Amino acid sequence: MDLLLIFLSAAIVNNFVLSYFLGICPFIGVSNKLTSAFSMGVATTFVLVLTAVVTWMINNLILLPAGLDYLQYVSFILVIASLVQFVEMFIKKTSQPLYRALGIYLPLITTNCAILGLALFMALRDYSMMESIFFGLGAGTGFTLALVIMAGIREELELADIPKPFRGVPITLITAGLLAMAFMGFSGLI
Amino acid sequence: MDTQFLIALATMGGLGFIFAGALAIADKKLRVEENPLIGDINDVLPGANCGGCGYAGCYDFACHAADKTAPSNGCPVGGTETALSIARLLGEEAGEVVRFLPRVLCRGGNVEAVKKYSTYHGPLTCSAMDLLSGGDKLCFYGCLSGGDCVTSCPFGAMVMGENGLPEVIESLCTGCGKCVKACPRYIIEMHPANRKVFVFCKSHDDPKTSKSVCSVSCMGCSICARKSDGSVVMDNNLAIIDYDTLDIEKIPFEKCTTKAIRMIELVEK
């Protein structure tokens, strides 16, 4: 039950993009097309879960016992960067089509603050291994959800008659704000 | 204080070392052998990623060209020069590149086509007009004048003419075919640049309707089909040119009352 709560809370109620405002860069940048938004979401979810596992191990097996919690930021960034590199190499070797489909989005995840945010939240809330995995999964699902919804809206916006000063980025930001307000409706859920 | 500092140093150093080692091993183990030709071919391609060749992008085309599953002259944008470079890289003879140009096969502009009594109010794009009410003109087959082809062109080779019909600037056109895909009414078609005779209409309406909605439509009288010895065939009230057996001499241009079938120079004045 706790795991489900953590999952739902990360995915919907405390959505990483729409209520913590983490990972805004890909949210605005990669939400032009539905297919690429979905690819980006899946790739990010994948990295989020892996990061959750590895940073949990480093935090609880190395940093905390040695009393080095002030090194969390540095070591987490190190973990994320190398992990993304590794995932990229692994996917390139095992599945060329997937590698081609993810394209530039994979290296972009390195600098996605949602990942670092996840690692720091986990450390802050003292999650167990299992809880961390579900937290990562929920965060990834929420990220994908936000990106896909946004891409869907933006594809429709292409056809809309938008006043000239609002075209492009402004209307996107307004849409994002409205979407975030809509997600506030979930705040009483848990 | 000193030990604390040393522990921190050792931990970070150790972590960094472990990750560096893991990545180094992974790099060796997971290295993907890539045909070096792919990179070379990719370098000589235009890099517009327009998809005119039928592949997902320039890199995808380079992969297929290196495997010889795509022809070296497959890039319509690069033209003969690129085809020669690719052929040189692959060590083979280059085939000749046939230049393809988009042809707008509708002449029912603002003057020729009859407007509806109600005006269209809505997004001024062809795709929206086609979905909603079919735009301002009575003809269900003609150009909507919304300019989707103009916005879709990555090279600025499409402009909207004064008469509400798009025009192709041939010197800028690379033949990528994006305008063809953008048109919801399938009016634009790719044709070899040396092809001159076209039926400038796509209307399948019966003769009476055709005549009442547009003054330059193909009404389906089939005079051209009867006189041309098989070069023109009729398909549901529309003349279709069979380019394999086309004999320009036999086509009775002067007999066509609406001048829907004609040489392309005449259209461009």
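Scroll up for the structure.
Residues numbered from 1 in each chain as written. Chains lettered and ligands numbered in written order. Predicted model: local features only at pLDDT ≥ 70, side-chain atom pairs only at ≥ 80, totals over all residues. Heavy atoms only, no water.

A. How the structure looks around a nonpolar patch on the surface. All names here are of chain A. Taken together, the side chains of Phe166, Ile174, Leu178, Met181 and Met184 make up a nonpolar region of the molecular surface, amounting to roughly 530 Å² of accessible area. If you trace the backbone, Phe166 turns up in the loop between helix H8 (129–157) and helix H9 (169–184). Overall, the relative accessible area of 38% leaves Phe166 in the partly exposed class. (Patch = residues over 30% accessible without salt bridge, like charges linked within 9 Å, V, L, I, M, F, W, Y side chains within 5 Å. Areas by Shrake-Rupley, 256 points an atom, 1.4 Å probe, with all protein chains shown as cover. Salt bridge = Lys/Arg side-chain N within 4 Å of Asp/Glu carboxyl O. Helix = DSSP H or I, 4+ residues; strand = E, 2+ residues; numbered from the N terminus. Buried < 20%, exposed > 50% of the residue type's maximum accessible area, 1.4 Å probe, protein only.)

B. Expanded view of the nonpolar core. Residue and element names in this part refer to chain A. Within the largest apolar cluster, 44 residues are counted, with the highest numbers of intra-cluster contacts made by Phe16, Leu18, Phe27, Ile109, Leu118 and Phe135. Contributing elements (two or more residues each) for this core: helix H1 (2–13), helix H3 (34–63), helix H4 (72–94), helix H6 (105–109), helix H7 (113–125), H8 and H9. Element by element, the count of residues in this core is highest for H7, at nine residues. In this structure, Phe27 is in contact with Val17, Leu18, Ala146, Leu147, Met150, Ala176 and Leu179, ignoring residues within four places of it in sequence. (Core = buried A, V, L, I, M, F, W, Y, C linked by side-chain atoms within 4.5 Å. Contact = heavy atoms within 4.5 Å.)

C. Spotlight on the interface of chain B and chain A. At the junction of the two partners, chain B supplies 21 residues and chain A supplies 23 residues. For the pairing of chain B and chain A, the buried interface totals around 1800 Å² over both sides, and the portion due to carbon and sulfur atoms is 79%. In terms of surface lost to chain A, no three residues of chain B exceed B:Met12, B:Phe19 and B:Leu30, which account for 30% of the buried area on that side. Our enumeration of links across chain B and chain A arrives at zero salt bridges. Taken together, the connections running from chain B to chain A amount to zero residue pairs in polar contact (both at pLDDT 80 or more). When contributions to the side of chain B that touches chain A are tallied by element, the ones reaching two or more residues are helix H1 (2–29) and helix H3 (58–66) of chain B. (Buried area = accessible area lost by both parts, 1.4 Å probe. Polar contact = N/O pair within 3.5 Å; in protein donor to acceptor, adjacent residues only side chain to side chain.)

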